[in-house]
Amino acid sequence: QVQLVESGGGLGQAGGSLRLSCVASGRTSSTYNMGWFRQGPGKEREFVAAIRLTTAYTSTRDSVKGRFTISRDIAKNTVYLQMNSLRHEDTGVYYCVASSDYSGSGCRDMHEYDYWGQGTQVTVSS
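What counts, and at which threshold
Residues numbered from 1 in each chain as written. Predicted model: local features only at pLDDT ≥ 70, side-chain atom pairs only at ≥ 80, totals over all residues. Heavy atoms only, no water. Disulfide = S-S within 2.5 Å. Buried < 20%, exposed > 50% of the residue type's maximum accessible area, 1.4 Å probe, protein only. Helix = DSSP H or I, 4+ residues; strand = E, 2+ residues; numbered from the N terminus. Polar contact = N/O pair within 3.5 Å; in protein donor to acceptor, adjacent residues only side chain to side chain. Contact = heavy atoms within 4.5 Å.

Here we come to the state of the cysteines. One pass over the structure, following the stated rule, counts one disulfide. No disulfide involves Cys107; its sulfur sits 14 Å from the nearest other cysteine sulfur, which is in Cys96. Residue classification places Cys107 among the buried residues on the basis of a relative accessible area of 19%.

A separate point is the environment of Cys107. Locating Cys107 in the fold gives a position in the loop between β9 (92-98) and β10 (115-116). Sequence separation between Cys107 and Val2 is 105 residues, and the spatial gap between their C-alpha atoms is 18 Å.

Moving on to the side chain of Asp90. Topologically, Asp90 is positioned in the loop between β8 (78-83) and β9. Using a relative accessible area of 1% as the deciding quantity, one classes Asp90 as buried. Among the polar contacts made by the side chain of Asp90, one reaches the side chain of Arg38 at a distance of 3.0 Å. Apart from residues no more than four positions distant in its own chain, Asp90 is found in contact with Arg38, Val64, Arg67, Phe68, Ser85, Val122 and Val124.

What follows is the structure, given as structure tokens:
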């Protein structure tokens, strides 16, 4: 009942910045957490960042701490991922995710999320 559409991906330079956006539509009132996962070439899908929509509490994987910031705009039903100091290792498909409520697995667990966007490619040149 929730649809997620990502935008903002593309080609970035090492040391540069990109900002991803995810717009949620449908039963947005039912969403609890939103966040981002990514999957690099030959890698498993991994947690990047998440935000609790009611409190704006955030969680971020260690490798992007200090570089990536997740935020939300409730009025726009939008979550952002500001990516600074990009590294080649940040390359991958970034997926926006949303949970309908707290299932108990935790915000870093992909099974927490009921809704997934189609993904947006981020490529960082070396």
